[in-house]
Amino acid sequence: MQTKWIFLISKFGSTFLVLLCIFTGCTSQEGRIFQEAMTQMNEGSFKQAIVEFEKVVKRTPDSTLGVKAAKEGARLSLYEMKDFGKALEFLKLVILYSKDPADRVQSQKQLAGIYFDNLQNYRMAIREYTKLLQLIFSPAEQAQYRIILARSYFYLGEFNQSEAEIKEVLKANIDPGLAFSAIVLQGNIKVEQKAFAAAAEIYKKLIADHPERALQENIHLSLAVCYEESRDFANAIKILESLRGKYSVPEYVELRIKRVQERQRNLPGARGYRK
């Protein structure tokens, strides 16, 4: 009988838990509170539902009902209330108490994502994505999360560590889209380090290998910046002129061309100067 209940709960989730509560008379206080939480949620009273789910979790955090309440509380906090701190609290409880490995991995992904995407707490994102990498074994997913790690290090100004993560990504046979993102970040690192010649070589290769994607991702503009910062104004203008009729905001391209031409005129000794 116990096996049957477990199967039904895993198959039908919260709906079955509410029905179970009804048909068994909700003999436990936790069950009644959970039922009230579900009622509040279905009526759109998300804030009150979270309060009720939290009561269940506090009373019985390691039970099936407690874990389910934590999952529902996390979902409402994250997507409906945008209360990221509360969502983190619930997710940590799921990771700690759920007996389902898939639950723990999914919650770890959400936890790390909140730190990176919603809170921009890159130090904590690094910590949580590092934990996540120990839980997943798919090369594609590993590459995906290593790129996020690399971006986190990049935003913190830790460029050497960011490059180390990118190299790990590029060692693997990964999706070309992920590889493109990793190489773009590699070029951006060189720009931040003011290694404009090295960045230009990276951007030129991206344009040659992925012309359409490079145009969509504004790689030509990044390359023009590298030339301009290196005072190679002729090549900067050449790249910008190649965008005429292709860029979504043509006025911006013309403005950039005029700006570079002005710099060229004001610095007659610079490389690329034309009278």
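Rules used throughout
- Residues numbered from 1 in each chain as written.
- Predicted model: local features only at pLDDT ≥ 70, side-chain atom pairs only at ≥ 80, totals over all residues.
- Heavy atoms only, no water.
- Core = buried A, V, L, I, M, F, W, Y, C linked by side-chain atoms within 4.5 Å.
- Buried < 20%, exposed > 50% of the residue type's maximum accessible area, 1.4 Å probe, protein only.
- Axes fitted to C-alpha atoms, helices over the stretch in contact; angles between N-to-C directions.
- Helix = DSSP H or I, 4+ residues; strand = E, 2+ residues; numbered from the N terminus.
- Parallel < 35°, antiparallel > 145°, perpendicular 65-115°, else oblique.
- Left-handed = near helix turned anticlockwise from the far one by under 90°.
- Contact = heavy atoms within 4.5 Å.
- Nonpolar A, V, L, I, M, F, W, Y, C, P; charged D, E, K, R; others polar.
- Phe/Tyr/Trp six-rings, centres within 6.5 Å; stacked < 30°, edge-to-face > 60°.
- Salt bridge = Lys/Arg side-chain N within 4 Å of Asp/Glu carboxyl O.
- Expected span 1.5 Å × (residues − 1).
- pLDDT = per-residue confidence, 0-100.

Caption draft 1: Focus on the nonpolar core. Among the nonpolar cores identified, the biggest contains 40 residues, and Phe-34, Phe-53, Ile-114, Tyr-129 and Tyr-145 are the most heavily contacted of them. Judged by nonpolar contacts, the second largest core, of 26 residues, contains Val-184, Ala-199, Cys-226 and Val-260.

Caption draft 2: How the structure looks around the packing of helix α8 (residues 139-155) against helix α10 (residues 176-192). Where α8 meets α10, the closest approach of the two axes is 10 Å, and the angle between their N-to-C directions is 15 degrees. Here α10 runs roughly parallel to α8, going by the angle between their axes. Our pair here, α8 against α10, has a crossing hand that is left-handed. Along its contact with α8, which presents Ala-140, Ala-143, Gln-144, Ile-147, Ala-150, Arg-151 and Phe-154, the element α10 presents Leu-178, Ser-181, Ala-182, Leu-185, Asn-188, Ile-189 and Glu-192. Taken together, the residues of the contact of α8 with α10 break down into 9 nonpolar, 3 polar and 2 charged.

Caption draft 3: Unusual backbone geometry, seen in detail. If you check the backbone angles, Lys-82 has positive phi at about 55 degrees while not being a glycine. Locating Lys-82 in the fold gives a position in the loop between α4 (64-80) and α5 (84-97). Positioned with a positive phi, Gln-120 is a non-glycine residue whose angle comes to about 50 degrees. For Gln-120, the location among the structural elements is in the loop between α6 (101-118) and α7 (122-133).

Caption draft 4: Seen up close, the packing of aromatic side chains. Applying the stated criterion to the full structure yields 8 aromatic pairs. Ring centres 5.6 Å apart and planes at 65 degrees place the aromatic pair Phe-34 and Phe-53 in the edge-to-face group. Taken together, the residues span a long stretch of sequence, with Phe-34 in helix α2 (residues 29-42) and Phe-53 in helix α3 (residues 46-59) at a distance of 19 residues. An identical accessibility class is assigned to Phe-34 and Phe-53; each is buried. Relative to Phe-159, the ring of Phe-154 lies with its centre 5.7 Å away and its plane at 55 degrees, an arrangement referred to as tilted. Judged on exposure class, the residue Phe-154 and its partner Phe-159 are both buried. Pairwise contacts between aromatic rings join Phe-116, Tyr-122, Phe-154, Tyr-155 and Phe-159 into one cluster.

Caption draft 5: Spatial organisation of the environment of Leu-78. Inspection of the secondary structure assignment puts Leu-78 in helix α4. Taking the relative accessible area as the measure of exposure, Leu-78 reaches 9% and is therefore buried. Put simply, Leu-78 and Asn-118 are 40 residues apart on the chain and 9.7 Å apart in space, counted from C-alpha to C-alpha. If sequence neighbours within four positions are ignored, Leu-78 has contacts with Phe-84, Ala-87, Gln-110, Ile-114 and Asn-118.

Caption draft 6: View of the pattern of salt bridges. Scanning all chains against the criterion turns up 23 salt bridges. For Lys-86, the salt bridge goes to Glu-54, with nearest N and O atoms at 2.7 Å. Linking Lys-86 in helix α5 with Glu-54 in helix α3, this pair joins segments that are 32 residues apart in sequence. The residues Lys-86 and Glu-54 share a single accessibility class, namely buried. Put simply, Glu-201 and Lys-204 hold a salt bridge, and the shortest N to O gap is 3.0 Å. With Glu-201 and Lys-204 both in helix α11 (residues 196-209) and 3 residues apart, the pair spans about one turn of that helix. Given a relative accessible area of 48%, Glu-201 falls into the partly exposed group.

Caption draft 7: The arrangement of α4 in detail. The first and last C-alpha atoms of α4 sit 23 Å apart over 17 residues, in line with the 24 Å expected at 1.5 Å per residue. For α4, the buried fraction is high: 12 of the 17 residues fall into the buried class. Every buried residue belonging to α4 is among Leu-65, Gly-66, Val-67, Lys-68, Ala-69, Ala-70, Glu-72, Gly-73, Ala-74, Leu-76, Ser-77 and Leu-78, and all of these are buried. Phi turns positive one or two residues past the end of α4, at Lys-82, with a value near 55 degrees.

Caption draft 8: Region of interest: the environment of Val-67. Following the sequence through the fold, Val-67 ends up in helix α4. It is 5.7 Å that separates the C-alpha atoms of Val-67 and Val-94, two residues lying 27 residues apart in sequence.

Caption draft 9: Geometry of the confidence of the model for the protein chain. For the protein chain, per-residue confidence averages 90 on the pLDDT scale, and 87% of positions sit at 70 or higher. Within the model, pLDDT remains below 50 along residues 1-12, and this stretch shows 7 contacts once partners closer than five positions in the same chain are excluded. Note on residues 22-27: pLDDT under 50 across the span, and 6 contacts to partners over four residues away in sequence or across chains.

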